[in-house]
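Structural characterization, general
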Amino acid sequence: MNAVVRLAHDVSAGALGWLHANHGLGGFEDDATADLDDPDGVYKPVAELALAASLVLREGVAGTAELRAARELMGYAWAQLREGDLLYERQLRHAVLTDPLETYAPHARGGLRHEALEQLLDRASAADALIEVLPNRRLAVANAHRVVGTRRDDDFPAMLRQTWLGRTTQPWAIDWYTAYCMTHTVFHITDWSALPGGLPPDVVEYLGNWLPVWCEVWAEAGQWDLLGELLVVGACLPEPWCDRTTWEVFARAQHADGFVPRDAEPVDDDPRQRFLGHQHTAVVATIAGTLTVSRLLGGGR
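In this report, we go over the structure that sits alongside the text. Each chain has its residues counted from 1, running along the sequence as written. Reporting in this predicted model follows two pLDDT cut-offs: at least 70 for local features of residues, and 80 or more for side-chain atom pairs to be given and counted; totals over whole chains, interfaces and linings ignore these cut-offs and use all residues. In computing side-chain properties, one takes all heavy atoms of the structure into account and sets aside hydrogens as well as water.

**Some words on the nonpolar core**
Each nonpolar core is a collection of buried residues, namely Ala, Val, Leu, Ile, Met, Phe, Trp, Tyr and Cys, held together in the definition by side-chain atoms within 4.5 Å. Under the scheme applied here, a residue whose accessible area is under 20% of the maximum for its type counts as buried, over 50% as exposed, and between as partly exposed, the area being computed with a 1.4 Å probe on protein chains only. One finds Leu207, Trp214, Trp247, Phe250 and Ile287 to be the most contacted residues of the largest nonpolar core, which totals 90 residues. Between two residues, a contact is recorded if the distance between any of their heavy atoms is within 4.5 Å. When neighbours within four sequence positions are excluded, Phe250 is seen to be in contact with Val11, Trp224, Leu227, Gly228, Leu231, Val260 and Ala285.

Following this line, the structure appears as structure tokens:
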């Protein structure tokens, strides 16, 4: 266990340090408005920075330097969103979108609140104004409501059973896209490992049997981003699965500066393209390491 704790801590600290050192490469170039031309270009990555930072701060198992970096990244993301005003305007203009809520949730988790946005979310929730989304995405929205504290009566067990994972589908009937959906089902039903009891026993047994197999498959394929997400799943189980060999494989993919490549393909030398193309994997590595250390030290029980 101690070896995995050290590995996971080093990977997380390195990835968080790389994000902190390079985050300025990915911000909005101009003042962003609620009508975003390319939500995945800056908006989503900023939200992911906040997610990673919020979980580092929530778990509290990082070192002093890492906690400071997480606080600064959270502040940076909040400033990029004009302290929530951009999210409020986007939700006001586009009532059925869920991304303002989902982007707001990690900030709320970190103690950054926006009263007007929360009132707007309360009204939308009461009217059940929600576009049709995939089953795992329904869980994402429900968990965001749960984190923010919106009054809801979401049936998490029933929503879980509508997903690929909740049906405990034949484990070979999985592809790259389905694997990502499966990982996010786990993230949201457990609120990123805080509520591991949200996984019912049959799903826990299923993941216990097949998670090691999937890790081996995607490690062999050099899909480091997906492997990191699978390690997060392991940290979300009631009895966390934190395999040393898998962590060693993932750690070897990380560069000395903390950078973690998305996959085994060549990496662009241009710093901005390098950041934009691989920021998500560093976010995943930060979360995977943080949750693994926390769970192995007794968190989430």
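**Examining the pattern of salt bridges**
What counts as a salt bridge is simple: a side-chain nitrogen of Lys or Arg found within 4 Å of a carboxyl oxygen of Asp or Glu. This structure, assessed with the given rule, holds 13 salt bridges. Among the salt bridges present, the one from Glu102 reaches Arg137, with a minimum N-O distance of 2.7 Å. Of this pair, Glu102 sits in helix α5 (residues 99–109) while Arg137 sits in helix α7 (residues 135–148), and the two are 35 residues apart along the sequence. One salt bridge connects Arg274 with Asp257, and the closest N-O pair in it is separated by 3.8 Å. A residue pair is termed long-range when its members are at least 10 positions apart, and Arg274 in helix α13 (residues 271–296) and Asp257 in the loop between α12 (244–253) and α13 qualify at 17 residues. In DSSP terms, a helix is any run of H or I states spanning at least four residues, a strand is any run of E spanning at least two, and both are numbered starting from the N terminus.

**Notes on empty space enclosed by the protein**
Of the two site types, the cavity is a set of points on a 1 Å grid over the protein atoms alone where a 1.4 Å probe fits but cannot get out, and the pocket is an open set with protein on both sides within 12 Å along at least five of seven lines, each lined by residues with an atom within 4 Å of a point. Grid points are joined across faces, edges and corners, and a volume is the space filled by probe spheres set on the points. Throughout the structure, instances matching the rule amount to three cavities of 30 Å³ or more. By volume, the second largest cavity amounts to about 90 Å³. Contributing to the lining of the second largest cavity are His9, Ser12, Ala13, Leu16, Val56, Val61, Ala62, Glu66, Gly289, Thr290 and Val293. If you list the elements that add at least two residues to the lining of the second largest cavity, you get α1 (2–22) and α13. Under this grouping Gly is polar, as are all residues other than the nonpolar Ala, Val, Leu, Ile, Met, Phe, Trp, Tyr, Cys and Pro and the charged Asp, Glu, Lys and Arg. A per-class count over the lining of the second largest cavity returns six nonpolar, four polar and one charged.

**Concerning the layout of surface pockets**
There is about 1,400 Å³ of room inside the largest pocket. Around the largest pocket, the lining is made up of 46 residues, and of these Asp40, Lys44, Glu48, His184 and His280 lie nearest the centre. Elements supplying a minimum of two residues to the lining of the largest pocket: α2 (43–59), α5, α7, α9 (176–189), α11 (224–236) and α13. Among the elements that make up the lining of the largest pocket, the one with the highest residue count is α13 (10 residues). Of the residues forming the lining of the second largest pocket, the biggest block, three residues, is contributed by α7.

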